[in-house]
Amino acid sequence: MNLVTVSALKDDSHNRLAIFRSDSGITLSFGEQTYFIEETDPFHNIALKALEQDDHVPFYVEIARREGLGPEFRDALTSKAEELSREDDWSPRDS
């Protein structure tokens, strides 16, 4: 079994995403919630590829979809990505 723990997009330090991979599927744990992704689930192939690429964003998106938070999560994710992009574009010469 593989375990991967990453920080969540929220600032709450107790909300972390943990990903457990086993022969029967993938379990996501976020905060107090857990979600199981069976091998027959269409998201399972996406999850495997995301794990290979060390990309955890699809897991957050899947959790938001399962919680019915699609639009709010999309907007928060887009905002965070833009914020990080601005930070990456900054250089010492800019100040």
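In this text the structure is predicted, and so the values were computed from the model without any measurement.

Draft legend 1. The confidence of the model for the protein, seen in detail. Overall, the predicted model of the protein reaches an average pLDDT of 77, with 76% of residues at or above 70. Under a pLDDT of 50 for its full length, residues 1-13 has, in the predicted model, 31 contacts with residues more than four places off or in other chains.

Draft legend 2. Region of the structure containing the side chain of H44. By the element assignment, H44 lies in helix α1 (residues 43-52). Taking the relative accessible area as the measure of exposure, H44 reaches 8% and is therefore buried. Other than its neighbours up to four places away in sequence, H44 contacts G25, I26, I37, E38 and E39.

Draft legend 3. Structural view of the nonpolar core. L17, I19, I26, L28, F59 and I63 are the most contacted members of the largest nonpolar core, which has 15 residues in total. Per element, the largest residue contribution to this core is 4 residues, and it comes from helix α2 (residues 57-66). The contacts of I63, once residues within four sequence positions are left out, are L17, L28, F30 and Y35.

Draft legend 4. Molecular detail of the packing of α1 against α2. At a minimum axis separation of 9 Å, α1 and α2 run at an interaxial angle of 150°. For the element pair α1 / α2, the angle class is roughly antiparallel. Of α2, the residues touching α1 (which contributes F43, I46, A47, A50 and L51) are P58, F59 and E62. Partitioning the contact of α1 with α2 into residue classes produces 7 nonpolar, no polar and 1 charged.

Draft legend 5. Quick peek at the pattern of salt bridges. For the structure on display, the rule yields 3 salt bridges. Residue R65 pairs with E62 through a salt bridge whose shortest N-O separation is 2.7 Å. Linking R65 with E62, this pair stays in helix α2, spanning 3 residues, or about one helical turn. Taking the shortest distance from any N to any O, the salt bridge between R66 and E62 comes out at 2.8 Å. Taken together, the residues span about one helical turn, with R66 and E62 both in helix α2 at a distance of 4 residues. Given the relative accessible area of 5%, E62 is considered buried.

Draft legend 6. Expanded view of the packing of aromatic side chains. Overall, the coordinates contain 2 aromatic pairs when judged by the stated rule. Pairing F30 with Y60 gives two aromatic rings, centres 6.0 Å apart and planes at 90°, and the pair type is edge-to-face. Remark: Y60 occurs in helix α2 and F30 occurs in strand β3 (residues 25-30); sequence separation between them is 30 residues. Each member of the pair, F30 as well as Y60, carries the same accessibility label: buried.

What counts and how
Residues numbered from 1 in each chain as written. Predicted model: local features only at pLDDT ≥ 70, side-chain atom pairs only at ≥ 80, totals over all residues. Heavy atoms only, no water. pLDDT = per-residue confidence, 0-100. Contact = heavy atoms within 4.5 Å. Helix = DSSP H or I, 4+ residues; strand = E, 2+ residues; numbered from the N terminus. Buried < 20%, exposed > 50% of the residue type's maximum accessible area, 1.4 Å probe, protein only. Core = buried A, V, L, I, M, F, W, Y, C linked by side-chain atoms within 4.5 Å. Axes fitted to C-alpha atoms, helices over the stretch in contact; angles between N-to-C directions. Parallel < 35°, antiparallel > 145°, perpendicular 65-115°, else oblique. Nonpolar A, V, L, I, M, F, W, Y, C, P; charged D, E, K, R; others polar. Salt bridge = Lys/Arg side-chain N within 4 Å of Asp/Glu carboxyl O. Phe/Tyr/Trp six-rings, centres within 6.5 Å; stacked < 30°, edge-to-face > 60°.

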